[in-house]
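Residue-level structural notes
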Amino acid sequence: MGSVCSAKLPKMTVTKDTIKQLIDSDKVVIFSKSGCPFCKMAKEKFDLLKQAYKAIEIDEKDDCDQYQDILEEITGARTVPRVFIKGEFVGGGTDIKKLYESGDLAKKLE
């Protein structure tokens, strides 16, 4: 259901502004790694709600470490997924699971 932004781009230096632009570019933005089970769990919850999202697979980018460093600066952790709804950081995989189970995830998407 979600769109994936995983095209190999030329080697660039990702900046905080670049990441903020990505966060603001869609209602739901998930910074993810393609093989991560917590990332898959988070995406599944949005799929169950039939909510489109932009997944940015940072493990497929040359500057993956830079993405994680900047996400840590913004959110307080380097782990993935880092999930944003309407520009607001809402957590990682288990946070999204809890929000889904409580019904609060659907409310945040309204």
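Look a little higher up for the structure.
All of the points below concern the structure found in this document. (Residues numbered from 1 in each chain as written. Predicted model: local features only at pLDDT ≥ 70, side-chain atom pairs only at ≥ 80, totals over all residues. Heavy atoms only, no water.)

**What about the pattern of salt bridges?**
Within the structure shown, the criterion is met by six salt bridges. Put simply, Asp-69, Glu-72 and Arg-78 are held in one network by salt bridges that share partners. (Salt bridge = Lys/Arg side-chain N within 4 Å of Asp/Glu carboxyl O.)

**A short note on unusual backbone geometry**
For the bond from Val-80 to Pro-81, the omega torsion is 0 degrees, close enough to zero to count as cis. Note on placement: Pro-81 falls in the loop between α3 (64-75) and β4 (82-85). A positive phi angle is found at Lys-50, which is not glycine, with a value near 55 degrees. The residue Lys-50 is located in the loop between α2 (37-48) and β3 (54-57) in this model. Phi at Lys-86 is positive, roughly 50 degrees, even though this residue is not glycine. In this fold, Lys-86 is placed in the loop between β4 and β5 (88-91). On the accessibility criterion, Lys-86 (48% relative accessible area) is partly exposed. (Helix = DSSP H or I, 4+ residues; strand = E, 2+ residues; numbered from the N terminus. Buried < 20%, exposed > 50% of the residue type's maximum accessible area, 1.4 Å probe, protein only.)

**Quick word on the pairing of β5**
Pairing analysis gives three bridges linking β4 to β5, with the strands arranged antiparallel. Each residue of the ladder has a partner; that of Ile-85, found in β5, is Glu-88. Taking the residues that link successive antiparallel strands as the turn, the β4-β5 hairpin has two residues, and the phi of Lys-86 there is positive, at about 50 degrees. (Pairing = 2+ DSSP bridges.)

**Structural notes on the nonpolar core**
Ile-19, Phe-31, Ile-56, Ile-58 and Tyr-67 are the most contacted members of the largest nonpolar core, which totals 16 residues. Only α1 (16-24), β2 (28-32) and α3 provide two or more residues apiece to this core. Here this core takes four residues from α3, the largest share from any one element. Counting residues in each nonpolar core, the second largest holds 13 residues, with Val-28, Ala-42, Tyr-53 and Leu-99 among its members. (Core = buried A, V, L, I, M, F, W, Y, C linked by side-chain atoms within 4.5 Å.)

**A word on the side chain of Lys-45**
Along the chain, the position of Lys-45 falls in helix α2. One buried charged residue, Lys-45, remains without a salt bridge, the closest side chain of opposite sign being Glu-44 at 4.7 Å. Apart from residues lying up to four places away in sequence, Lys-45 is in contact with Ile-96, Lys-97, Tyr-100 and Leu-105. (Lys, Arg positive; Asp, Glu negative; His and termini not counted. Contact = heavy atoms within 4.5 Å.)

**A short note on helix α4 (residues 93-102)**
Along α4, the positions that sit buried rather than exposed are Gly-93, Ile-96 and Leu-99. The buried side chains of α4 occupy one side of the element, clustering within an arc of 125 degrees when seen end-on. Of the residues in α4, the exposed ones pointing more than 90 degrees away from the buried face are Lys-98 and Glu-101. Along its buried surface, α4 packs onto α2, β4, β5 and α5 (104-108). Just downstream of α4 lies Gly-103, where phi reads positive at about 90 degrees. (Arc of directions from axis to C-beta.)

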